[in-house]
Amino acid sequence: QVQLVESGGGLVQAGGSLRLSCVAAGSIFSITTMGWYRQAPGEQRELVASITNSGTANYADSVKGRFIISRDNAKNTVYLQMNTLEPEDTEIYYCYATIFTSRNKAADYWGQGTQVTVSS
């Protein structure tokens, strides 16, 4: 069994910063891609950023230059440093990871979501 546990969301003023963390725990053989999606009420979930186990990062255009994704492979943890936050960044942020629980068995796992609210 695998769980992703997120932390670090909250309320911040526009222009401020927040750092999200997500730890994967359980029966883990290896982890390939980790990342973050976000979702506003009534809208589809959208990719914010992702990072491979070798450190290659990918960002949505809307967050390039403001957000930084990183990971600690030894701790099975992914981070999202969010800077210069805007009210439009107010959404629920979900961590995800592609996890192998054995050499030949992989699946995508999701965290429970953490609310980020940016006030103007």
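Conventions used here
Residues numbered from 1 in each chain as written. Predicted model: local features only at pLDDT ≥ 70, side-chain atom pairs only at ≥ 80, totals over all residues. Heavy atoms only, no water. Phe/Tyr/Trp six-rings, centres within 6.5 Å; stacked < 30°, edge-to-face > 60°. Helix = DSSP H or I, 4+ residues; strand = E, 2+ residues; numbered from the N terminus. Buried < 20%, exposed > 50% of the residue type's maximum accessible area, 1.4 Å probe, protein only. Lys NZ or Arg CZ within 6 Å of the ring centre and 35° of its normal.

### Some points on the packing of aromatic side chains
Aromatic rings in a pair are described by how distant their centres are and how their planes are angled relative to each other. Under the counting rule described, the total for this entry stands at three aromatic pairs. A ring pair is formed by Tyr-37 and Tyr-96, whose centres lie 5.3 Å apart and whose planes are at 75°; its orientation type is edge-to-face. Taken together, the positions of Tyr-37 in strand E4 (residues 30–39) and Tyr-96 in strand E9 (residues 91–102) put the pair 59 residues apart, joining distant regions of the chain. Tyr-37 gets classed as partly exposed once you look at its relative accessible area, which sits at 22%. Look at Tyr-96 and you get buried, because its relative accessible area is 9%. Relative to Trp-110, the ring of Tyr-96 lies with its centre 5.5 Å away and its plane at 35°, an arrangement referred to as tilted. With Tyr-96 in strand E9 and Trp-110 in strand E10 (residues 105–110), this pair connects stretches of sequence that are 14 residues apart. Taken together, the aromatic side chains of Tyr-37, Tyr-96 and Trp-110 make up a single cluster linked through ring pairs. In this structure, Arg-19 packs its charged tip against the face of Tyr-79, placed 4.1 Å from the ring centre.

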